Amino acid sequence: MGDEDFVNASETGEIPSFNGDKKAKATDFANYFCAYAQLYHQKQMLTDHNRMAAYHSAILGNSDVFKDKVVMDVGTGSGILAAWAALAGARKVYAIEYTDMAKHAESVMKANNVDHIVTVIQGAVEEIELPIEEDNLEPEDGGESTQCVDIIISEWMGYFLLRESMLDSLIRARDKFLKKSTGLMFPSHTTMYVAPINDEEERKLAIKQYSDGMADWNEFTETTKAVYGVDMSILGNDFEREQKEYYLLSSQWSELHSEAVLAEPKMVKHLDMMKCTIEDSRGITEGAPDSDFCFDISGNEVAGPVSGFAGWFTADFRSRTDEDGESAPKLSNPAFLSTGPENGYTHWGQQVFFLVSGIPIIKGHTTTVEGAIEMMRRKENARNYNSRIKFSTSRRKIEDGKDAAPLMKSALVEQVYQIP
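This section reports on the structure supplied with the text. (Residues numbered from 1 in each chain as written. Predicted model: local features only at pLDDT ≥ 70, side-chain atom pairs only at ≥ 80, totals over all residues. Heavy atoms only, no water.)

## Things to note about the pattern of salt bridges
Okay, so step 1: Applying the stated criterion across every chain yields a total of 21 salt bridges.
Okay, so step 2: Here Asp-212 and Lys-208 are joined by a salt bridge, their closest N and O atoms 2.7 Å apart. Of this pair, Asp-212 and Lys-208 are both found in helix H9 (residues 200–228), 4 residues apart, which corresponds to roughly one turn of the helix.
Okay, so step 3: The partly exposed category is assigned to Asp-212, whose relative accessible area is 39%.
Okay, so step 4: With its nearest N and O atoms 3.8 Å apart, the salt bridge here joins Glu-374 to Lys-390. Highlighted residues: Glu-374 in strand E13 (residues 365–378) and Lys-390 in strand E14 (residues 381–397), separated in sequence by 16 residues. Comparing Glu-374 with Lys-390 shows no difference in burial state: the two are buried.
Okay, so step 5: Residues joined by salt bridges that share partners form a network here, namely Glu-286, Glu-374, Arg-388, Lys-390 and Glu-414. (Salt bridge = Lys/Arg side-chain N within 4 Å of Asp/Glu carboxyl O. Helix = DSSP H or I, 4+ residues; strand = E, 2+ residues; numbered from the N terminus. Buried < 20%, exposed > 50% of the residue type's maximum accessible area, 1.4 Å probe, protein only.)

## Details of the pairing of strand E1 (residues 70–74)
Okay, so step 1: Within E1, 5 of the 5 residues are buried, which leaves the element mostly enclosed by the surrounding structure.
Okay, so step 2: Of the two faces of E1, the one holding Val-70, Met-72 and Val-74 and the one holding Val-71 and Asp-73 are both buried throughout.
Okay, so step 3: Where E1 lies against strand E2 (residues 92–97), 5 bridges are found, and the strand directions are parallel. Bridge assignment links Asp-73 to a residue of E2, and that residue is Ala-95. (Pairing = 2+ DSSP bridges.)

## Some points on the side chain of Thr-368
Okay, so step 1: As for its position among the elements, Thr-368 is in strand E13.
Okay, so step 2: For Thr-368, the side chain forms a polar contact with the side chain of Asp-296, separated by 2.6 Å.
Okay, so step 3: When residues no more than four places from it in sequence are discounted, the contact partners of Thr-368 are Cys-294, Phe-295, Asp-296, Ser-392, Thr-393, Ser-394 and Arg-396. (Polar contact = N/O pair within 3.5 Å; in protein donor to acceptor, adjacent residues only side chain to side chain. Contact = heavy atoms within 4.5 Å.)

## Some remarks on helix H3 (residues 39–46)
Okay, so step 1: Within H3, the full set of buried residues consists of His-41, Gln-42 and Met-45. Viewed along the axis of H3, the buried residues span an arc of 100°, placing them on a single side of the element. Turned more than 90 degrees off the buried face of H3, the exposed positions are Tyr-40 and Lys-43. (Arc of directions from axis to C-beta.)

## What to know about the packing of aromatic side chains
Okay, so step 1: Across all of its chains, the model carries 12 aromatic pairs by this definition.
Okay, so step 2: Considering the side-chain rings of Phe-160 and Phe-353, the 6.2 Å spacing of their centres and the 55° angle between planes classify their relative orientation as tilted. Note that Phe-160 is positioned in the loop between strand E4 (151–153) and helix H8 (166–177) and Phe-353 in strand E12 (residues 350–359), a separation of 193 residues in sequence. In this pair, the class of Phe-160 matches that of Phe-353, namely buried. (Phe/Tyr/Trp six-rings, centres within 6.5 Å; stacked < 30°, edge-to-face > 60°.)

## Side note on a negative patch on the surface
Okay, so step 1: On the surface, a cluster of negative charge is contributed by Glu-133, Glu-134, Asp-141 and Glu-144.
Okay, so step 2: Residue position: Asp-141 is located in the loop between strand E3 (118–122) and E4. (Patch = residues over 30% accessible without salt bridge, like charges linked within 9 Å, V, L, I, M, F, W, Y side chains within 5 Å. Areas by Shrake-Rupley, 256 points an atom, 1.4 Å probe, with all protein chains shown as cover. Lys, Arg positive; Asp, Glu negative; His and termini not counted. Charge placed at Lys NZ, Arg CZ, Asp CG, Glu CD.)

## Some points on unusual backbone geometry
Okay, so step 1: Cis rather than trans, the peptide bond between Phe-186 and Pro-187 has omega equal to 0°.
Okay, so step 2: Note on placement: Pro-187 falls in the loop between strand E5 (184–186) and strand E6 (189–197).
Okay, so step 3: Note the cis peptide between Gly-304 and Pro-305, where omega equals 0°.
Okay, so step 4: Tracing the chain through its elements places Pro-305 in the loop between strand E9 (292–298) and strand E10 (306–317).
Okay, so step 5: A positive phi is found at Asp-68, a non-glycine position, where the angle reads about 65°.
Okay, so step 6: Position of Asp-68 among the secondary structure elements: in the loop between helix H5 (63–66) and E1.
Okay, so step 7: Despite not being glycine, Asp-290 has its phi angle at roughly 75°, a positive value.
Okay, so step 8: Structurally, Asp-290 can be placed in the loop between helix H11 (278–281) and E9.
Okay, so step 9: Judged by relative accessible area, which is 32%, Asp-290 ranks as partly exposed.

## Some details on the sheet that holds E4
Okay, so step 1: Here we have 5 strands laid out as an open sheet, ordered E3-E2-E1-E4-E5, and parallel in their pairing. Looking along the sheet, the strands with just one partner apiece sit at the ends: E3 and E5. Between one strand and the next, the sheet's axes are offset by a mean angle of 20°, whatever the strand orientation.
Okay, so step 2: Two elements, E1 and E4, share 3 bridges in a ladder whose sense is parallel. What sits directly across from Val-71, in E4, is Ile-151.
Okay, so step 3: Contacts from helix H6 (residues 80–87) reach E1, E2, E3 and E4, with the element oriented near 175° to E2. (Axes fitted to C-alpha atoms, helices over the stretch in contact; angles between N-to-C directions.)

## Regarding H9
Okay, so step 1: In a regular helix each residue adds 1.5 Å, so 29 residues correspond to 42 Å; H9 covers 41 Å between its end C-alpha atoms and thus fits that length.
Okay, so step 2: Along H9, the residues classified as buried are Glu-200, Arg-203, Ala-206, Tyr-210, Gly-213, Met-214, Trp-217, Thr-221 and Thr-224.
Okay, so step 3: Taken together, the buried residues of H9 touch helix H10 (236–248), strand E7 (252–254), E10 and E12.
Okay, so step 4: Directly beyond the C-terminal end of H9, a positive phi value near 80° is found at Gly-229. (Expected span 1.5 Å × (residues − 1).)

## Examining the pairing of E6
Okay, so step 1: Taken across its 9 residues, E6 has 8 buried, putting it largely inside the fold.
Okay, so step 2: Alignment of E6 against strand E8 (residues 266–272), held across 6 bridges, turns out to be antiparallel. By the bridge assignment, Thr-191 is partnered in E8 with His-270.
Okay, so step 3: Relative to E10, E6 runs antiparallel, the two being bridged by 9 bridges. Bridge pairing in E10 places Met-192 opposite Phe-313.

This is the structure:
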């Protein structure tokens, strides 16, 4: 079998749970869903107290919004969000789960005496149907529409927000099931940020691991030729490429301290969960609104160098802001989740894109880092992304002001990273 037999994408480049064939869906399960069928993975998320507190506050803190409503939890996992929705007063909750974790979710509902409210449905949300007639669900238009859900809750976010591409499933569930003018999405808005950071220990460790790997390869080829009579050095360039991609050109999960951030974070993408589209979920295109950045770093205020860039996201749980949602219920107690360094540990952490060469920060000077970021799905796996970062740097004396001619200006640097 070749690599093409294990492509984690449909023939049209979508995530396989939407329109993939059996082979693509099997690959998707092996690469993505199977981890979520394990309790240890669920426990990792359930012990993320920043995550838990945000959703708990959003749901139980707005019980007036949930009272007597029909709720859908997309990707329920072990079911805690669905249970909270029931405890908040929902009339009916549909907890959708693709994996066998659905069986554990059913047990949790029974153990917490909400199984008469919560119905766990195992399957892809793109393919399931709700028992509209059996449960007396009422479409918003009063007709034959399937849009009979008042609130969709979901913890769909991946590393740097978009990794895993679960947003596709959420958007399709929203368009199929959620009431258009009165429905609510939890979370309601999400925002991606980038910032320059200092973490020389980790940057230099990645470089050392790359260098050690190459030294080990050279020793291996020499030994193999001397002892076994076969010259493997012809594979050196391919091995070096692999090592670079793994150690130098892949983002790394990090739990940064707030002082590691060297400038005010820049928003690079914002999503209104009632209005965003499948195209929005594909990433950040070249020249997209907000995709550019310009960081002024004062050498009198922070210590350098710039080791790389970090990316993270925030999620809001608040009232609708789109024009179609004027008649939707208002949230009296908004909630907020940040996965940034200022908020402490979350299981998402931050994704750090380390530079091969750090950018020096000089006392008495302002260093400007200006560029743009792109994110695009990988062809062989629609749930993973690559990120292209382009930037140049310039430096001026602090007292000269922003409009002064720079003392130096670098050439444009462009690097493509995998987000594994």
